[in-house]
Amino acid sequence: MPKDLSTDMHEITSPAQQFDTIAGLYDELMSVVPYDYWVDYLHQILRRFNHKPATILDLCCGTGAVSVLLAQKEYKVTGVDISPEMIEVARRKPEARKG
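Model, not experiment: these values are computed from the prediction.

All right, on to the pattern of salt bridges then. Opposite charge on two side chains permits them to pair, given that their charged atoms come into close proximity. Enumeration according to the criterion identifies three salt bridges in this entry. The salt bridge involving Asp 27 is made with Lys 93; its shortest N-O contact spans 3.0 Å. Remark: Lys 93 occurs in the segment after α5 (84-92) and Asp 27 occurs in helix α2 (residues 26-29); sequence separation between them is 66 residues. The class of Asp 27 is partly exposed, set by a relative accessible area of 33%.

What follows deals with the side chain of Ser 67. Relative to the assigned elements, Ser 67 resides in helix α4 (residues 65-72). Note on Ser 67: relative accessible area 12%, which makes it buried.

Attention shifts here to the packing of helix α3 (residues 35-48) against α4. Contact pair α3 / α4: the axes reach a minimum separation of 10 Å and the direction vectors enclose 50 degrees. Overall, the two elements α3 and α4 adopt an arrangement that is oblique. The two elements α3 and α4 cross, and the hand of that crossing is right-handed. Together, Tyr 35, Asp 36, Trp 38, Val 39 and Leu 42 of α3 and Ala 65, Val 66, Leu 69 and Leu 70 of α4 make up the contact between the two elements. For the contact of α3 with α4, the per-class residue count stands at eight nonpolar, no polar and one charged.

Before going further, it helps to examine the nonpolar core. Ranked by size, the top nonpolar core spans 13 residues in total, and within it Tyr 35, Val 66, Leu 70 and Tyr 75 carry the most contacts. Taken together, the elements giving at least two residues each to this core come down to α3, α4 and α5. Setting aside residues up to four positions removed in sequence, Val 66 forms contacts with Tyr 35, Trp 38, Val 39 and Asp 58.

Thresholds, definitions, all that
Residues numbered from 1 in each chain as written. Predicted model: local features only at pLDDT ≥ 70, side-chain atom pairs only at ≥ 80, totals over all residues. Heavy atoms only, no water. Salt bridge = Lys/Arg side-chain N within 4 Å of Asp/Glu carboxyl O. Helix = DSSP H or I, 4+ residues; strand = E, 2+ residues; numbered from the N terminus. Buried < 20%, exposed > 50% of the residue type's maximum accessible area, 1.4 Å probe, protein only. Axes fitted to C-alpha atoms, helices over the stretch in contact; angles between N-to-C directions. Parallel < 35°, antiparallel > 145°, perpendicular 65-115°, else oblique. Left-handed = near helix turned anticlockwise from the far one by under 90°. Contact = heavy atoms within 4.5 Å. Nonpolar A, V, L, I, M, F, W, Y, C, P; charged D, E, K, R; others polar. Core = buried A, V, L, I, M, F, W, Y, C linked by side-chain atoms within 4.5 Å.

Following this line, the structure appears as structure tokens:
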């Protein structure tokens with residue numbers, strides 16, 4: 001459930017708090033971003049250069065949209081984010097719990 005967005009913006013003192021505040025809405029806000037194309041492009045680059053990583057570190061993973069797509073391509077993915085709330089949203093996704 002999204003946090004109360006009526007928070008006084010002067011009370012938000014860190015980047016993590018900024019993302020914590022919108023974590024519950026982030027996937028909806030970013031729904032127009034073509035993450036699947038990003039992941040396909042990365043996969044094509046890795047194949048082109050014959051690089052076959054088994055593990056990928058997804059820095060600034062947010063709610064895990066890209067992490068989930070990478071995992072669906074059989075990569076072992078570790079997602080890291082500055083926002084604990086964003087990580088919590090990622091962990092609650094059913095796709096993130098598979099495997």
